[in-house]
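The primary structure of each chain is shown beneath.
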Amino acid sequence: MNFSNTLIHWYLQNKRDLPWRNTVNPYQIWLSEIMLQQTRVAQGLPYFLKFIDRFPTVFDLANADEQEVLKLWQGLGYYSRARNLHKTSQIVALNFEGKFPDNYNDLLELKGIGEYTAAAIASFAYNENVPVVDGNVFRVLSRYFNIETDIASSGAKKEFTALAKELLPDGKTNLFNQAIMEFGALQCVPKNPNCENCVLNSSCLALKFKKVSDLPIKLKKTKVQKRFFNYLIFKDAIGNTILQKRTQKGIWHNLYEFSLIETLDETSDLEVMELIERQNFIKNQIENIKLLNPIKINHKLSHQHLSVSFWEVQVEGKIENGIDYKSALNFPFPIVIYNFISKNWK
DNA sequence: AACGCGGGGTA
DNA sequence: TACCCAGCGTT
């Protein structure tokens, strides 16, 4: 049996039972694909179920506020996906009468749908003859065919797409695309794959040449920036606080946070306290300042490492436009903030 | 063509 | 720690 049919055969015996595999509804397939961009199935699955429950159709999603969409997306990361998801739902609902484009090229026009996602939707929902190339496909193909192209290089996508297209079995694009990705996720995993027990081990070139752990080749390294966040949880006489929306470019766009003092390095608690007293965030007089987490919270993003402190700042009187705890919980937060307040703020 | 964008799992 | 995950949009 050849490569493609072996994969399909393996897939039919080993595939996970996932809700978006039991449908050809392009709305559900689209939703799952957006959520699974750079995201593991285990992490995305609960969000998919929440979204389908709250937004059963593209019209329900289109009619929602962005803030509610972001709230449901809270914790999943890469929040531009949620904003683009919402925008695209409105295009589909209003301009296309709720019907998703039914081919690769038209899908590509939509916000948040790139080459991979367009191919995924086109093949899964419409069985169009287009190959998917994601991280799994790069890994499986580079190993099986011993391809040393740097997968982070500009030409790699074209090269692997062409190869994947050659491998598509007639009329079974849907199955093959699912199969090669599932194979990469379950069998041909990044580290220490179980090659002894693999349906392709007799013909895999990486295994033959003992290069499994060297492939795929990826040269680009991400460099990490360190940042130091001090969040001020103001509290007035009736327990209200201040929240603000992150409208600037950068991380957590359109999510909410407390008043923020960012310092360039590991500033001492005493110095931060002085900064809080000097900076006039609100008119109210400060009564008391208390550091809530003497041990800094380290929150790691893929490209930034954050050291986060939370300060309770008691002020006199009532804060203008203050917000109470119960209302605050309805806002979408970065998960590091949400985890802290849900644990430490009553 | 290179970079910014989350959060969590794995070794 | 370092790397990876059903990548995309911007510059």
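As named in an unreviewed UniProt entry, chain A is Adenine DNA glycosylase, taken from Flavobacterium capsici. Under the Sequence similarities (unreviewed entry) heading, UniProt states for chain A: "Belongs to the Nth/MutY family." The UniProt entry for chain A carries this comment under Catalytic activity (unreviewed entry): "Hydrolyzes free adenine bases from 7,8-dihydro-8-oxoguanine:adenine mismatched double-stranded DNA, leaving an apurinic site."

Some points on the UniProt feature "domain: HhH-GPD" (unreviewed entry) in chain A
According to UniProt, the positions carrying the feature "domain: HhH-GPD" (unreviewed entry) are residues 35–186. Annotated as residues 35–186, this span is 64% helix and 0% strand, and its ends, taken at the C-alpha atoms, are 19 Å apart.

As for the domain arrangement of chain A
Domain annotation for chain A reports domain 1 (3–132 + 162–181) and domain 2 (225–344). Using only C-alpha atoms to locate each centre, domain 1 and domain 2 end up separated by 36 Å. The partner domain 2 presents 13 residues to the nine residues of domain 1 that form the contact. Both sides together, the interface formed by domain 1 and domain 2 hides about 920 Å², and carbon and sulfur atoms give 55% of it. Of all residues in domain 1, Gln67, Lys71 and Gln74 bury the most surface against domain 2, accounting for 49% of the area lost on that side. Joining domain 1 to domain 2, the criterion identifies zero salt bridges. Linking domain 1 with domain 2 are six residue pairs in polar contact (both at pLDDT 80 or more), by the criterion used here. By residue number, the principal contributor to the side of domain 1 that touches domain 2 is helix 5 (residues 66–73), which donates four residues.

A short note on the protein's contact with DNA strand C
Around DNA strand C, the structure places 27 residues, and the nearest of them are Leu36, Gly112, Gly114, Thr117 and Arg139. In DNA strand C, atoms within 4 Å of the protein come 66% from sugar and phosphate. Between Trp20 and DNA strand C, the recorded distance is 2.9 Å, taken from a side-chain N or O atom to a base nitrogen. Asn136 has a polar side-chain atom sitting 3.0 Å from a phosphate oxygen of DNA strand C. Counting only elements with at least two residues in the surface near DNA strand C, the list comes to helix 8 (115–126), helix 9 (135–144) and helix 11 (173–186). A breakdown of the residues in the surface near DNA strand C according to their chemical character gives seven nonpolar, nine polar and eleven charged.

Rules of the game
- Residues numbered from 1 in each chain as written.
- Chains lettered and ligands numbered in written order.
- Predicted model: local features only at pLDDT ≥ 70, side-chain atom pairs only at ≥ 80, totals over all residues.
- Heavy atoms only, no water.
- UniProt positions renumbered as here; feature names shortened; annotations may be inferred.
- Helix = DSSP H or I, 4+ residues; strand = E, 2+ residues; numbered from the N terminus.
- Domains from an automatic or database assignment.
- Contact = heavy atoms within 4.5 Å.
- Buried area = accessible area lost by both parts, 1.4 Å probe.
- Salt bridge = Lys/Arg side-chain N within 4 Å of Asp/Glu carboxyl O.
- Polar contact = N/O pair within 3.5 Å; in protein donor to acceptor, adjacent residues only side chain to side chain.
- Near = heavy atom within 4 Å.
- Nonpolar A, V, L, I, M, F, W, Y, C, P; charged D, E, K, R; others polar.

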